Amino acid sequence: MTKDIFLTNNLSNQKERFIPLDEKNIKMYVCGPTVYDDPHIGNARPLIIFDILYKVLKNTFSKVTYVRNITDIDDKIIKSSQDQKISAKELTKKITLNFMEDCKFLNCENPTHQPKATEYIDLMIEMVNQLIKKGFAYENKNHVYFEVKKFTDYGKLSNKKLEDLIAGSRIEVSEDKKNPEDFVLWKPSNKDEPSWNSPWGKGRPGWHLECSAMSKKFLGSEFDIHGGGIDLLFPHHENEIAQSRCANESKIFAKYWIHNAFITMSNEKMAKSQGNILKIKDFRNKISGQVIRLALMSAHYRQPLDWNDKLINDCQNTLDKWYRIYSSNIKPVEITEEILKPLYEDLNTPGYIANLHQLYEKANKGENKELFISACKFIGLLNENKEEWEKYKKNKATISETEISNKINLRNDARANKNYEEADKIRDELFDKGVLIEDKDGKTLWKFK
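Bear in mind the structure is a predicted one, so any value in this text is a computation, not a measurement.

Thresholds applied
Residues numbered from 1 in each chain as written. Predicted model: local features only at pLDDT ≥ 70, side-chain atom pairs only at ≥ 80, totals over all residues. Heavy atoms only, no water. Core = buried A, V, L, I, M, F, W, Y, C linked by side-chain atoms within 4.5 Å. Buried < 20%, exposed > 50% of the residue type's maximum accessible area, 1.4 Å probe, protein only. Helix = DSSP H or I, 4+ residues; strand = E, 2+ residues; numbered from the N terminus. Axes fitted to C-alpha atoms, helices over the stretch in contact; angles between N-to-C directions. Left-handed = near helix turned anticlockwise from the far one by under 90°. Contact = heavy atoms within 4.5 Å. Nonpolar A, V, L, I, M, F, W, Y, C, P; charged D, E, K, R; others polar. Expected span 1.5 Å × (residues − 1). Arc of directions from axis to C-beta. Pairing = 2+ DSSP bridges.

(A) Molecular detail of the nonpolar core. Membership of the largest hydrophobic core comes to 84 residues, with the highest contact counts inside it found for I41, L57, W307, Y352 and F372. The element that contributes the greatest number of residues to this core is helix 1 (residues 41-60), accounting for 11 residues. Residues C31, I78, F183 and L209 belong to the second largest nonpolar core, which totals 42 residues.

Next up, the structure:
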């Protein structure tokens, strides 16, 4: 008898019992990175959340197919490659390799499939042809657009009317569109930009189309779970639903829509425009990926998580404590349903961590150490031996306070001039010398790691 799993479905805005389309093969698609820049801590949250969901599903069902794509053609990629004076292919290869290293650092399992958008352009062209043929899309000046008004269920995921969605979002303005809300399926490429031959001229696919084509390739027209960050709900996921259901003539696209909330710093969303990005790779060789992993599961996935020094220190200290009783010689044991219960209740990771603390207290007294270690490993913790863990012990920085102040002043000047690249560079230099900085209430605070 399988355990009941409950998930909050954004399509209904309710917590629902998970009833798969086919118990013999659970199918999940999660939006992966657009590889124009190295992933940051905000990008790490869905990596870990859906890694945990993958583990829970595999613990319950005999087969789970997990697809996480890599978007390696996009306007942001083209702009970034031009800014760096390298080819888009060279840029995406470099960033994809860094992304894979980040996943390894965070102890995330590999998905079943990890398709790259550029490998399936023919399927995207085929889907556009189907949409034109069925009257849901139109061509104008080498562009192909999806006509949103033709899909009567548009806006159901966002739970908003079409006019409200348009008013509250950044809709691409173009005289080539019939209606402001229509979105691009195919667009022409400029000279020296990546392009593919198509019935509408040389060009490239729209971002939304890529996920629709790749999910259909590996999961079919209808599947169980679609996941991603809350920022993707509109327009990306709304547009995926529209084009997929119309092209495939299906009643649903994905049955359950799961979204994680943002990471904030000093209660501001982590974003390049804010100049408060912390890249995952910056933490490698500084602290263990387990610290990042534990920090990112310390709040419920549907709640914002504020990233700060106290959070990192608390997680470091917790793992330090847990490693004191860790032994690699202990054989794994089956984890009881009572311990796993929080994860089955809408991925309640804070509740599961509370169970781990209780198990630790017992294990520290010599009671059932095997269960404690097995429960930690289930969620991707205690994956290093003690020697590996010890190498991440904090070292005091070898930098004077005067030098720190000067660096912070230079960084503040760079941020004031909106030179976020320079500001990030200075922050990284301080980090490499063992100094953590935090922007709070208009001031920059710092401390040694």
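(B) Spotlight on the packing of helix 9 (residues 309-323) against helix 11 (residues 349-363). Between helix 9 and helix 11, the least distance of the axes is 11 Å, while the angle of their chain directions is 35 degrees. Our pair here, helix 9 against helix 11, has a crossing hand that is left-handed. Counting all contacts with helix 9, which are made through T318, K321 and W322, the residues of helix 11 involved are L356, H357 and Y360. Taken together, the residues that form the contact of helix 9 with helix 11 break down as 3 nonpolar, 2 polar and 1 charged.

(C) Inspection of helix 14 (residues 401-416) at higher detail. Helix length check: helix 14 (16 residues) gives 22 Å between terminal C-alpha atoms against 22 Å at 1.5 Å per residue, within 8%. When helix 14 is considered as a whole, its buried residues turn out to be I404, I408, R411 and A414. The arc that holds the buried residues of helix 14, viewed along the axis, is 120 degrees, so those residues lie on one side. For helix 14, the exposed residues lying more than 90 degrees away from the buried face are T402, L410 and A416. In this fold, the buried residues of helix 14 make contact with helix 15 (420-432), strand 14 (435-440) and strand 15 (443-448). Among the residues trailing helix 14, K418 stands out with phi positive, at a value near 60 degrees.

(D) Quick look at the sheet that holds strand 6 (residues 143-146). The antiparallel open sheet is built from 4 strands, whose spatial order is 5-6-7-8. The two strands at the open ends of the sheet, each matched to only one other strand, are strand 5 (137-140) and strand 8 (203-205). Along the sheet, successive strands turn relative to each other by an average axial angle of 20 degrees, direction set aside. With 4 bridges joining them, strand 5 and strand 6 adopt antiparallel strand pairing.

(E) Up close: unusual backbone geometry. A cis amide bond, omega 5 degrees, links F234 with the succeeding residue P235. Take P235: it is sitting in helix 7 (residues 233-248). The phi angle at E249 is positive, at roughly 55 degrees, despite the residue not being glycine. Relative accessible area serves as the criterion here: at 62%, E249 is assigned to the exposed category. The phi dihedral of L382 falls on the positive side, at around 55 degrees, and the residue is not glycine. Take L382: it is sitting in the loop between helix 12 (369-378) and helix 13 (386-390).

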